[in-house]
Amino acid sequence: MASSTSAVASDKGLWDGGTSPMGVSYGKLMMWFFLLSDAFTFSALLITYGLVRSSHKAFTGHVSDFVFSQNYWPVPERVYEAVPFLHGVELPLVFVGIMTFILIMSSVTMVLAVEAGHRMDRKAVEKWMLWTILGGIAFLSCQAWEWMHFIHGSEAGSAVAEGTTFFGANLVHNQYGPPDFAAFFFFITGFHGFHVFSGVCLNFLIYFNTVTGLYQRRGHYEMVEKVGLYWHFVDLVWVFVFTFFYLV
Amino acid sequence: MDHLDENAHITVIPPNKEKIKKLWRVAGILGIVTAVEFVIAFTLPHGPGKTFLFVALTIVKAGYIVLEFMHLKYEVKILFWSILIPMIFVVWMLVAFVYEGMAISVVR
């Protein structure tokens, strides 16, 4: 076997076939390039956000004096300050922080599932995949609550035109700031949330195939690695969304 | 008994404690950096310096996720660079468009 491989390699160069020049399987390589293209899509969304936000006036006063207005871009920490079951308590960014923590933890359990797959430890893969799925569902539930709160709005409301009070947000108006603000919230967190949702579906598929012993029969757990790459990417995107949308 | 036969020829390798400890250490770093970002958000005044700090900490987090969790650090060099080099264009695009946006706000 070894001699036949070297025979192929000797009369053909590294890029002439017969070997994998990038040292990974076809599937894994394509997953990497898909993620690169996906990174371009998310970058486009975040960069457009940067363009539109920097073309609007910024609020210049002290954060504690901030009020919602159509005239300047809102300060994010004054928009996202609600936490479930703590009605009326101002806890800026705490809920988003919890969501970030959940996603990081599910990334850790995913990498532990991949590690277990390398050792052919079916029971451990099952355990860690379940935790990862649970983390994904927890994140999606948090996001559902956050969207609900964002759409319904706070008691304060704000005037979108003279003599009106508008509560919450839709794609045309929102109480927090210029219309673009809510549009970007829906598109960026929505597009990311959709990725989390597809990630949970893929994770479940992997879990199902592990439980039925498909990968054991196949002799390797490479599918766990490929879907793991996707899941880490979802976490990676959230790290950027967290900074550019919620912190800055 | 099919199930047993299936498992008979599979040898489960025991976990490498060192490797797993390293993964949890990376997780700890990610958690700590997020906590630091949180503290900065409520202590430092708004301004370019704060934004720069946030971006720097985000790149640290992204680095740990891509290099350790996604294992890119241990892949062949050509794969490593074919993923990283295209991202340079993204960084340029970000700088160019934010600059453009600030120019628009002046004109408005």
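See above for the structure.
These remarks concern the structure in this document. All values derive from a computational prediction rather than experimental measurement.

Taking 1.5 Å per residue as the helical rise, helix H3 (residues 48-69) of chain B with its 22 residues ought to reach 32 Å, and the 31 Å between its terminal C-alpha atoms agrees with that figure. What H3 of chain B keeps buried is the set Lys50, Phe54, Leu57, Thr58, Lys61, Ala62, Ile65, Val66, Glu68 and Phe69 of chain B. Check the buried side of H3 of chain B and you find it contacts helix H2 (26-55), helix H4 (94-118) and helix H8 (222-247) of chain A together with helix H2 (17-43) of chain B. Once H3 of chain B finishes, His71 of chain B follows within two positions and takes phi at roughly 70 degrees, a positive value.

Glancing now at the environment of His118 of chain A. Along the chain, His118 of chain A turns up in helix H4. Under the relative-accessibility criterion, His118 of chain A is labelled partly exposed at 41%.

Next up on the list: the pattern of salt bridges. Under the counting rule described, the total for this entry stands at 10 salt bridges over all chains. Ionic pairing is found between Glu68 of chain B and Lys22 of chain B, a salt bridge with its closest N-O pair at 3.8 Å. Taken together, the residues span a long stretch of sequence, with Glu68 of chain B in helix H3 and Lys22 of chain B in helix H2 at a distance of 46 residues. A salt bridge links Glu68 of chain B to Lys73 of chain B; the shortest N-O distance between them is 3.1 Å. It is possible to trace a salt-bridge network through shared partners that takes in Glu115, Arg119 and Asp121 of chain A.

Our focus in this paragraph is the interface of chain B and chain A. Many analyses report the size of an interface as the accessible area lost when the parts associate. If you look at the interface, chain B gives 52 residues, while chain A gives 55 residues. Carbon and sulfur atoms supply 77% of the area that chain B and chain A bury against each other, a total of about 4800 Å² over both sides. Considering only the side of chain B, the residues that lose the most area to chain A are Phe38, Phe69 and Met70 of chain B, jointly responsible for 13% of the buried surface there. Taken together, the links from chain B to chain A amount to 3 residue pairs in polar contact (both at pLDDT 80 or more). Taken together, the elements giving at least two residues each to the side of chain B that touches chain A come down to helix H1 (2-8), H2, H3 and helix H4 (77-107) of chain B. The dominant element in the side of chain B that touches chain A, judged by the number of residues it contributes, is H4 of chain B, at 16 residues. A per-class count over the side of chain B that touches chain A returns 34 nonpolar, 11 polar and 7 charged.

So, on to the nonpolar core. One finds Tyr80, Phe150, Val224, Trp238, Phe245 and Tyr246 of chain A to be the most contacted residues of the largest nonpolar core, which totals 90 residues. Of all elements in the fold, only H2, H4, helix H5 (122-152), helix H6 (179-211) and H8 of chain A together with H2, H3 and H4 of chain B reach the threshold of two or more residues within this core. A total of 16 residues in this core trace back to one element, the largest contributor, which is H8 of chain A. Apart from residues lying up to four places away in sequence, Trp238 of chain A is in contact with Val96, Met99, Thr100, Leu103, Phe139, Gln143, His192 and Tyr246 of chain A.

Quick look at the environment of Ala39 of chain A now. Here Ala39 of chain A lies in helix H2. Spatially, the C-alpha atom of Ala39 of chain A lies 39 Å from that of Thr165 of chain A, the residues being 126 residues apart in sequence.

A few words now on the packing of aromatic side chains. All names here are of chain A. In total, this model carries 35 aromatic pairs over all chains according to the counting rule given. Note on Tyr49 and Trp73: the rings are 5.9 Å apart at their centroids and 70 degrees apart in plane angle, and the pair reads as edge-to-face. Residue Tyr49 is found in helix H2, and its partner Trp73 is found in the loop between H2 and helix H3 (76-79); the two are separated by 24 residues along the sequence. The residues Tyr49 and Trp73 share a single accessibility class, namely buried. Judged by centre distance (5.0 Å) and plane angle (85 degrees), the rings of Phe59 and Phe66 are edge-to-face. Relative accessible area serves as the criterion here: at 21%, Phe59 is assigned to the partly exposed category.

Among the surface-exposed residues, Leu14 and Trp15 of chain A together with Val76 and Ile78 of chain B lie close enough to one another that they form a single nonpolar patch of about 390 Å² accessible area. Mapped onto the secondary structure, Leu14 of chain A falls in the loop between helix H1 (2-11) and H2.

Bringing the side chain of Glu37 of chain B into the picture now. Note that Glu37 of chain B resides in helix H2. What makes Glu37 of chain B buried here is its relative accessible area of 0%. Excluding anything up to four places from it in sequence, Glu37 of chain B contacts Phe242, Thr243 and Leu247 of chain A together with Phe54, Leu57, Thr58 and Lys61 of chain B.

Residues and elements named next belong to chain A. Remark: H2 packs on H6, axes separated minimally by 11 Å, with the N-to-C direction vectors making an angle of 165 degrees. What the angle tells us is that H2 and H6 run roughly antiparallel. Read as a crossing pair, H2 and H6 show a hand that is left-handed. In this structure, H2 uses Asp38, Thr41, Phe42, Leu45, Leu46, Thr48, Tyr49 and Val52 to contact H6, whose residues at the interface are Asp180, Phe184, Phe187, Ile188, Phe191, His192 and His195. Across the contact of H2 with H6, the residue classes break down as 9 nonpolar, 4 polar and 2 charged.

Procedures and definitions
- Residues numbered from 1 in each chain as written.
- Chains lettered and ligands numbered in written order.
- Predicted model: local features only at pLDDT ≥ 70, side-chain atom pairs only at ≥ 80, totals over all residues.
- Heavy atoms only, no water.
- Helix = DSSP H or I, 4+ residues; strand = E, 2+ residues; numbered from the N terminus.
- Expected span 1.5 Å × (residues − 1).
- Buried < 20%, exposed > 50% of the residue type's maximum accessible area, 1.4 Å probe, protein only.
- Contact = heavy atoms within 4.5 Å.
- Salt bridge = Lys/Arg side-chain N within 4 Å of Asp/Glu carboxyl O.
- Buried area = accessible area lost by both parts, 1.4 Å probe.
- Polar contact = N/O pair within 3.5 Å; in protein donor to acceptor, adjacent residues only side chain to side chain.
- Nonpolar A, V, L, I, M, F, W, Y, C, P; charged D, E, K, R; others polar.
- Core = buried A, V, L, I, M, F, W, Y, C linked by side-chain atoms within 4.5 Å.
- Phe/Tyr/Trp six-rings, centres within 6.5 Å; stacked < 30°, edge-to-face > 60°.
- Patch = residues over 30% accessible without salt bridge, like charges linked within 9 Å, V, L, I, M, F, W, Y side chains within 5 Å.
- Areas by Shrake-Rupley, 256 points an atom, 1.4 Å probe, with all protein chains shown as cover.
- Axes fitted to C-alpha atoms, helices over the stretch in contact; angles between N-to-C directions.
- Parallel < 35°, antiparallel > 145°, perpendicular 65-115°, else oblique.
- Left-handed = near helix turned anticlockwise from the far one by under 90°.

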